[in-house]
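# Chain and residue survey
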Amino acid sequence: MTAAPDPPARDSASSAPPDTVPPKEPTGPSEPGTPPPNRAADAHGRRRTTRRPWSARRLPAALVASVIVVAAGAALIDVVAVRAGRRAAAWRSGLAQELATRPVDDVWMLTGAAVAAAAGVWLIVLALTPGRRRLLPLRSPAGCSPPRLRATVDRDSAAALLRDAALHVPGVGRAEVRVRRHRIKARAEARFREPEQVREDLVTVLHEERDRLALSRSPRIVVRVRQRTA
């Protein structure tokens, strides 16, 4: 009696599970022919121009309010006194008499009208302009619409930074910088170099320093260099 033959051994290679390929991570839908976004250019294009902060106008407002309160209070007190049976104040009677008898072309009438017109124009200008001309607005960060961060720099501080940068230029012995809203004026004295060479280096340095300030509106730079004679 013979033993039954053993069943054939399974091939390990055939029984091994197939290799699994890791799925690719989704890259998101993209339209054919669309270039990748340029974040740097996009951020540069989203820069917004920042304006000067508006002044509170405390002094003009206080002056106008004080004049109105004093005049209205005095007139109201005198009217109440007249209604109570007393005589009108001398200043109000005299003012009414003068306004009723003086001609329109009188010198005092023309002077008063000119003063009132000048005060009105002054108030209109204050209402329509932001003020704070000593401050220069800086660029707002990219992506802020409207800009949430507003920063300014004083003109004297900007002039000091530009002057320090100008003094580091080789050959510059003395420098003077004035910063305006639309123009930066720089004057320098050349000591041991040619004025034209000093001027070229000074223009380059001032442009770089102005760009570091990140002003909202870059002023034009005007440089004048002269040779020191003494």
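Right, let's walk through the structure included here. Please read these numbers as outputs of a predicted model, since none were measured by experiment.

Conventions and cut-offs
Residues numbered from 1 in each chain as written. Predicted model: local features only at pLDDT ≥ 70, side-chain atom pairs only at ≥ 80, totals over all residues. Heavy atoms only, no water. Pairing = 2+ DSSP bridges. Helix = DSSP H or I, 4+ residues; strand = E, 2+ residues; numbered from the N terminus. Axes fitted to C-alpha atoms, helices over the stretch in contact; angles between N-to-C directions. Contact = heavy atoms within 4.5 Å. Salt bridge = Lys/Arg side-chain N within 4 Å of Asp/Glu carboxyl O. Buried < 20%, exposed > 50% of the residue type's maximum accessible area, 1.4 Å probe, protein only.

Here 3 strands make up an open sheet; going across it, the order is β3-β4-β5 and the pairing mixed. With partners counted over all chains shown, the strands left at the sheet margins are β3 (172-179) and β5 (220-227), one partner each. Neighbouring strand axes in the sheet, compared pairwise and without regard to direction, differ in orientation by 15 degrees on average. Strand direction decides the pairing type here: strand β4 (residues 183-190) and β5, joined by 8 bridges, are parallel. Bridging from a neighbouring strand, Arg183 pairs with Arg220 of β5. Sheet strands touched by helix α6 (residues 155-167): β3 and β4. Its angle to β3, the strand with the most contacts, is close to 155 degrees.

What follows concerns the pattern of salt bridges. A full pass over the atoms with the stated rule returns 9 salt bridges. Its salt-bridge partner being Arg226, residue Glu189 comes within 3.2 Å of it at the nearest N-O pair. Of this pair, Glu189 sits in strand β4 while Arg226 sits in strand β5; the two residues are 37 residues apart in sequence, bridging distant segments of the chain. A residue is classified by how much of its surface remains accessible, and Glu189, at 15% relative accessible area, is buried. Put simply, Glu209 and Arg212 hold a salt bridge, and the shortest N to O gap is 3.0 Å. Of this pair, Glu209 and Arg212 are both found in helix α7 (residues 195-213), 3 residues apart, which corresponds to roughly one turn of the helix. The exposure class of Glu209 is buried, given its relative accessible area of 15%. Residue Arg212 is classed as exposed on the basis of its relative accessible area of 59%. When salt bridges with common partners are traced through the structure, they connect Glu98, Arg102 and Asp106 into a single cluster.

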